[in-house]
Amino acid sequence: MVCVSLVAMVAPGAHSGYPLMALPIKHVIGIADTAGALIAVWLTAEAVIRRIRPCGDISRAALLDVLRWAVVSLGALGMLAGYGYSGLGLVPLIAWFAAIVALIVVLYRSARLPYLSSIWGPWRVGHG
């Protein structure tokens, strides 16, 4: 993602007033940037879910799973709308923002769970 961001900053026409589709390099960089961000969200949630599920916190794992699907799918739809492939309007943008906020809140509230600490291990389950 660092490389994509660097290329985006130095790409020709990066700060011009041309439409995005008129600049093929900028178009590809935008897609890679958005895809990388959505993959990062997916993998972050996946790592937390994999630590939570074996400890029996099924409801929190399911909530995180739903929220990551919402963020990634609405983000992908928003990317398509941003490039003019569909006219989705403002509702998906608001839903995407709400899903991101909810995901951040759930991840933040999960951060202090004992089974997400760095000293936790499967051998410690049930041992105080």
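Parameters and conventions
Residues numbered from 1 in each chain as written. Predicted model: local features only at pLDDT ≥ 70, side-chain atom pairs only at ≥ 80, totals over all residues. Heavy atoms only, no water. Phe/Tyr/Trp six-rings, centres within 6.5 Å; stacked < 30°, edge-to-face > 60°. Helix = DSSP H or I, 4+ residues; strand = E, 2+ residues; numbered from the N terminus. 1 Å grid on protein atoms, 1.4 Å probe; cavity = no way out; pocket = protein on both sides within 12 Å on 5 of 7 lines; lining within 4 Å. Points joined across faces, edges and corners; volume = space filled by probe spheres on them. Nonpolar A, V, L, I, M, F, W, Y, C, P; charged D, E, K, R; others polar. Salt bridge = Lys/Arg side-chain N within 4 Å of Asp/Glu carboxyl O. Buried < 20%, exposed > 50% of the residue type's maximum accessible area, 1.4 Å probe, protein only. Expected span 1.5 Å × (residues − 1). Patch = residues over 30% accessible without salt bridge, like charges linked within 9 Å, V, L, I, M, F, W, Y side chains within 5 Å. Areas by Shrake-Rupley, 256 points an atom, 1.4 Å probe, with all protein chains shown as cover. Polar contact = N/O pair within 3.5 Å; in protein donor to acceptor, adjacent residues only side chain to side chain.

## Examining the packing of aromatic side chains
Tallying each qualifying case throughout the model produces one aromatic pair. When the ring of Trp 42 is compared with that of Trp 69, the centres are 4.8 Å apart and the planes differ by 90 degrees; the resulting orientation is edge-to-face. With Trp 42 in helix α2 (residues 24-52) and Trp 69 in helix α3 (residues 58-82), this pair connects stretches of sequence that are 27 residues apart.

## Quick notes on the layout of surface pockets
Computed from the structure, the largest pocket encloses a volume of approximately 270 Å³. Forming the boundary of the largest pocket are 16 residues, of which Leu 74, Gly 75, Gly 78, Met 79 and Gly 82 lie nearest the centre. For the lining of the largest pocket, the secondary structure elements donating two or more residues are α2, α3 and α4 (91-110). At six residues, α3 tops the list of elements feeding residues into the lining of the largest pocket. Along the lines of polarity and charge, the residues of the lining of the largest pocket split into 10 nonpolar, six polar and no charged.

## Remarks on the pattern of salt bridges
Within this structure, the stated rule accounts for four salt bridges. A salt bridge links Glu 46 to Arg 50, with the nearest nitrogen and oxygen atoms 2.6 Å apart. Of the two residues, Glu 46 and Arg 50 are both situated in helix α2; the distance of four residues between them amounts to about one turn of the helix. Between Asp 57 and Arg 60 there is a salt bridge; the shortest N-O distance is 3.0 Å. Here Arg 60 falls in the partly exposed class, since its relative accessible area comes to 24%. Put simply, Glu 46, Arg 50, Asp 65 and Arg 68 are held in one network by salt bridges that share partners.

## Quick notes on α3
Under the 1.5 Å per step criterion, the end-to-end length of α3 is 36 Å for 25 residues, consistent within 8% with the ideal 36 Å. Among the residues making up α3, those that are buried are Ala 61, Leu 64, Leu 67, Arg 68, Val 71, Val 72, Leu 74 and Gly 75. The first or second residue beyond α3 is Gly 84, which carries a positive phi of 85 degrees.

## Some points on a nonpolar patch on the surface
Among the surface-exposed residues, Leu 77, Leu 80, Tyr 85 and Leu 88 lie close enough to one another that they form a single nonpolar patch of about 360 Å² accessible area. Relative to the helices and strands, Tyr 85 is located in the loop between α3 and α4.

## A closer look at the side chain of Glu 46
Glu 46 sits in the buried class, given a relative accessible area of 18%. Side chain to side chain, Glu 46 and Arg 50 meet in a polar contact 2.6 Å long. Side chain to side chain, Glu 46 and Arg 68 meet in a polar contact 2.5 Å long.

## Section: the environment of Leu 63
Summarising the element assignment, Leu 63 is placed in helix α3. Spatially, the C-alpha atoms of Leu 63 and Ile 49 are 9.5 Å apart, while their sequence positions differ by 14 residues.

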